[in-house]
Amino acid sequence: MYKRGLVGVVLVAVAVGAAGCSDGDGSASSAVSQVASAASEAADAVDTAEETAKKKLTEVKDGVDAKDAVKVGVVTADADGFSTATVTAENSADSTKSFAVQVNFKDKSGNLLDTVVVTVSDVAAGAKGEGTARSTHKLTGEVEAQTATALRY
């Protein structure tokens, strides 16, 4: 996966930089180990979030593609430092519907940082409903949110 390749590049860069700074007591090796561990945990967190999102979406019965009916707003940080974005779903059906929306949080380069599923429940016919996508962990840097999948049911 692309995200794992990027983690590997970052780890090599950190290892080279740390090796040049070693004072012989093994601290550079320890720093590289800590960075490798953190990078592995971050990749694992994204994998877990992806698996959870897929599972939630497969639980939706009789869902129809509604990606064109969903808009995701600008990402902001909440009071706890988690990334959030408003999800707006427009119901063009003739009866009340709910929406399951997978929102991907990505960095400026398009790398996947996190993914969540938001439910916008009981949107009246011809109306709009809102929900909030909230990252599962604190994200840093410029973060964008995109609709990955949206199901109306």
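The rules behind the values
- Residues numbered from 1 in each chain as written.
- Predicted model: local features only at pLDDT ≥ 70, side-chain atom pairs only at ≥ 80, totals over all residues.
- Heavy atoms only, no water.
- Core = buried A, V, L, I, M, F, W, Y, C linked by side-chain atoms within 4.5 Å.
- Buried < 20%, exposed > 50% of the residue type's maximum accessible area, 1.4 Å probe, protein only.
- Pairing = 2+ DSSP bridges.
- Helix = DSSP H or I, 4+ residues; strand = E, 2+ residues; numbered from the N terminus.
- Phe/Tyr/Trp six-rings, centres within 6.5 Å; stacked < 30°, edge-to-face > 60°.
- Lys NZ or Arg CZ within 6 Å of the ring centre and 35° of its normal.
- Salt bridge = Lys/Arg side-chain N within 4 Å of Asp/Glu carboxyl O.
- pLDDT = per-residue confidence, 0-100.
- Contact = heavy atoms within 4.5 Å.

### Comments concerning the nonpolar core
Note that soluble globular proteins tend to have their nonpolar side chains buried in a common cluster.
Here comes step 1: Core analysis: the largest hydrophobic core is formed by 19 residues, its most contacted members being V87, F99, V103 and F105.
Here comes step 2: Of all hydrophobic cores here, the second largest spans 6 residues; its members include A53, L57, V60 and L151.

### With respect to the sheet that holds strand β8 (residues 143-152)
Here comes step 1: An order of β1-β8-β5-β6 is seen for the 4 strands of this open sheet, with the pairing classed as antiparallel. Both edges of this open sheet fall to β1 (64-65) and β6 (112-123), since each of them pairs with a single strand only.

### Description of the packing of aromatic side chains
Here comes step 1: In total, this model carries 0 aromatic pairs according to the counting rule given.
Here comes step 2: The side chain of R134 reaches across the aromatic face of F82, ending 4.0 Å from its centre.

### Concerning the environment of L113
Here comes step 1: Structurally, the position occupied by L113 is in strand β6.
Here comes step 2: With 64 residues separating them along the chain, L113 and A49 place their C-alpha atoms 9.5 Å apart.

### Concerning the environment of V70
Here comes step 1: With respect to the helices, strands and loops of the structure, V70 is situated in strand β2 (residues 70-72).
Here comes step 2: Of the residues examined, V70 reaches a relative accessible area of 4% and is grouped as buried.
Here comes step 3: For the pair formed by V70 and E90, sequence separation is 20 residues and the distance between their alpha carbons is 6.5 Å.

### A word on the pairing of strand β4 (residues 82-90)
Here comes step 1: Both β2 and β4 contribute to a ladder of 3 bridges, which runs antiparallel. Each bridged residue has a counterpart across the sheet, and for K71 the counterpart in β4 is T88.
Here comes step 2: Here strand β3 (residues 76-77) runs beside β4; their pairing, made up of 2 bridges, is antiparallel. Among the inter-strand pairings, T76 is bridged to a residue of β4, identified as T84.
Here comes step 3: Counting the residues between successive antiparallel strands, the hairpin from β3 to β4 contains 4 residues, one of them, G81, with a positive phi of roughly 90°.

### Let's talk about the pattern of salt bridges
Any two side chains of opposite charge can pair if their charged atoms end up close together.
Here comes step 1: Within the structure shown, the criterion is met by 2 salt bridges.
Here comes step 2: One continuous salt-bridge network, built from bridges that share partners, spans D78, D80 and R134.

### Observations regarding the confidence of the model for the protein
Here comes step 1: The pLDDT averaged across the protein works out to 79; a share of 71% of its residues lies at or above 70.
Here comes step 2: Counted against residues more than four places away or in other chains, residues 1-24, with its pLDDT under 50, gives 23 contacts.
Here comes step 3: Confidence over residues 27-40 falls short of pLDDT 50; this stretch has 11 contacts with residues more than four positions distant or in other chains.

### Quick look at unusual backbone geometry
Here comes step 1: Phi angles above zero are rare outside glycine, and D62 is one such case at about 60°.
Here comes step 2: Relative to the elements of secondary structure, D62 occurs in the loop between α2 (27-58) and β1.

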